[in-house]
Structure formats: C-alpha cells, structure tokens
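# Understanding the architecture of this molecule
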Amino acid sequence: MSPFVLIPGLNATARVYREAIEALWPHGSVTIANTLAGEGMAGIAAAILRGAPPRFALGGFSMGGYLAFEMLRQAPDRVTKLALIDTSARPDTAEASEVRRRRIEQAKAGKFGMVVEQSFPASVHPRRVENEALKAMHREMSLGNGAEAYVRHQEAIIGRPDSRPTLAAIGVPTVVIVGEADQIVPLEVAQEMHEGVAGSRLVVVPDAGHLALLEQPEAVATALASWAMR
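Residues numbered from 1 in each chain as written. Predicted model: local features only at pLDDT ≥ 70, side-chain atom pairs only at ≥ 80, totals over all residues. Heavy atoms only, no water.

Another point: the pairing of strand β5 (residues 174-179). Taking burial as the measure, the 6 residues of β5 include 6 buried ones, the bulk of the element. Burial along β5 is two-sided: T174, V176 and V178 and V175, I177 and G179, pointing in opposite directions, are all buried. Direction of pairing for strand β4 (residues 79-85) relative to β5: parallel, over a ladder of 4 bridges. Across the sheet, residue L84 finds its bridge partner in β5, namely V176. Of the pairings in the sheet, the one linking β5 to strand β6 (residues 201-205) comprises 5 bridges and is parallel in character. Counted as the bridge partner of G179 is V205 from β6. (Buried < 20%, exposed > 50% of the residue type's maximum accessible area, 1.4 Å probe, protein only. Helix = DSSP H or I, 4+ residues; strand = E, 2+ residues; numbered from the N terminus. Pairing = 2+ DSSP bridges.)

Below, the structure written as structure tokens:
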C-alpha cells in the first residue's frame, strides 16, 4: 500500500481532511503535510519533501495543489498518484494578487480576524454563506495557522509559477475534484487541468463551493477512495 501525503490550503489545517483520512486509511498511512516551514512555494515544497516518505500518493487542496505541482517539479519520481482538490494550475492574475496584497497589509496591521471573516463567503456555496458551523470551522482553522503564516502563504501564492506547461508530463493516476459552485477555482479551471493530464478523472461535487472537503465530505471522500484504488 502506498502512503498518502495530503497538503492543506490557505487558512486550512489538518481538520479539512478529517473525512478524507478515514476514507484513505484502509489503503495506506496518511500524513498531513506541515505548510508552516519554508519560504515561497519552492521552500515550502522542499520542506514537505524532506519529511515525506520515499514514494507517496499526493493530494493538495487549493494552495496545497500549488505546492503539489511544485513538489512534482522538484521530485517527480517520488509521487505515485495525484489528487488536485479545488485548485488551479494557473498563476495568479494581477487582480487576484492585488486583493492578496491588500489582505496581507490588513493582516500585518492586526486585522487578521477581519480578513478571515471577509474571505469566508467566497469559500462556500452561496447557500452556505450564513452557515454558522462552517463559518466557525473556517475561523478556527484560520486562527490556528495565524496571521504570520497567512502572510507568508499569500506571498508564496502570489509568486507561484504557471503549472499548465507541466500538466502533460504528469503520468501518474490523477483525479481532479472541484465543487460545482467553487467561486475561487471555477469549474472551467478544473476542466483545464483534467484535459491537460492524460487519463485523469474529473469529479464535480454537487452542492459545494471551494470548501467541498467540508461542505460535502462524503462525496469527496468517496472520490478519493476510488482514486486510491487506481
């Protein structure tokens, strides 16, 4: 059985993968990557690789997907399978980078709590914007990482490279999972990755936004279990 390494996203902790861990555990040991060490995408990815098994199946959610692409660049022979969850191979747009920089300045100014509250609505299906349980979970994970990690992660995201040219070189079993109403990574972006990776499977999660792992955990876990058996 192949071990699994799962990478959380921005403002996410190991909690985001709770149901996924239960689904994957029968197929191999599961490690949640620590994204709090290293600088920039390259540095964070290198730190994760240092603590990872010699060979492993790799999953990344949102920012975790950006890091997964970087790990593939650094150590392609170590990755046996790939799961890309609500993420993108595209670089940051100028508009997105401007929003990130504004929120970085707010976080540095001691307004991280406000930043977290502002970021929640776009993270879920529009029907769940007032879901207090999800909102509390999002807040708890964000504050668990803290403002300093948020700033470092946002700066790394702004500087990430375009991973689209590398998609064709991915030759391992790959699943692309996306919430049907993801406002941060729209379906067309997931479709682009699916079409770029030969033999990949695209799973669109109904009634879910960017936080599909938390909004529809059973559906995502089922997709990951199927991927694990490929």
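Additional details are given in the paragraphs that follow.
This paragraph deals with the packing of helix α4 (residues 94-108) against helix α7 (residues 147-158). Between α4 and α7, whose axes approach to 10 Å, the crossing angle comes to 160°. Classed by the angle they form, the pair α4 and α7 counts as roughly antiparallel. When the axes of α4 and α7 are compared, the crossing they make is left-handed. For the pair α4 and α7, contact is made by S97, R100, R101, R103, I104, A107 and K108 and by A147, Y150, V151, Q154, E155, I157 and I158, respectively. Split by residue class, the contact of α4 with α7 holds 7 nonpolar, 2 polar and 5 charged. (Axes fitted to C-alpha atoms, helices over the stretch in contact; angles between N-to-C directions. Parallel < 35°, antiparallel > 145°, perpendicular 65-115°, else oblique. Left-handed = near helix turned anticlockwise from the far one by under 90°. Contact = heavy atoms within 4.5 Å. Nonpolar A, V, L, I, M, F, W, Y, C, P; charged D, E, K, R; others polar.)

On the secondary structure map, R160 appears in the loop between α7 and β5. At 3.0 Å, the side chain of R160 forms a polar contact with the backbone oxygen of R90. Leaving out residues up to four positions away in the same chain, R160 has contacts with M41, Y66, R90, P91, D92 and R100. (Polar contact = N/O pair within 3.5 Å; in protein donor to acceptor, adjacent residues only side chain to side chain.)

This part is about the pattern of salt bridges. Using the criterion set out here, one finds 13 salt bridges in the structure. Ionic pairing is found between R164 and D162, a salt bridge with its closest N-O pair at 2.9 Å. Connected through salt bridges with shared partners, the residues R90, D162, R164 and E192 form a single ionic network. (Salt bridge = Lys/Arg side-chain N within 4 Å of Asp/Glu carboxyl O.)

This paragraph deals with the packing of helix α2 (residues 40-51) against helix α3 (residues 63-74). Look at α2 against α3: their axes get within 9 Å of each other, and the N-to-C directions meet at 75°. Between α2 and α3, the angle is such that the two are roughly perpendicular. Within the contact between the two elements, α2 uses M41, A42, I44, A45, A46, I48 and L49 and α3 uses M63, Y66, L67, E70, M71 and Q74.

Structurally, the position occupied by E148 is in helix α7. Overall, E148 belongs to the exposed group, its relative accessible area being 64%. With 40 residues separating them in the primary sequence, E148 and K108 have C-alpha atoms 8.0 Å apart.

This part takes up the packing of aromatic side chains. One pass over the structure, following the stated rule, counts 2 aromatic pairs. Here F4 and W227 contribute two aromatic rings whose centre-to-centre distance is 5.8 Å and whose plane-to-plane angle is 55°, an arrangement assigned as tilted. On the criterion of sequence distance, the pair formed by F4 in strand β1 (residues 4-7) and W227 in helix α10 (residues 217-228) is long-range, its members being 223 residues apart. W227 shares its class with F4; the two are buried. Judged by centre distance (5.2 Å) and plane angle (50°), the ring pair of F112 and Y150 falls under tilted. (Phe/Tyr/Trp six-rings, centres within 6.5 Å; stacked < 30°, edge-to-face > 60°.)

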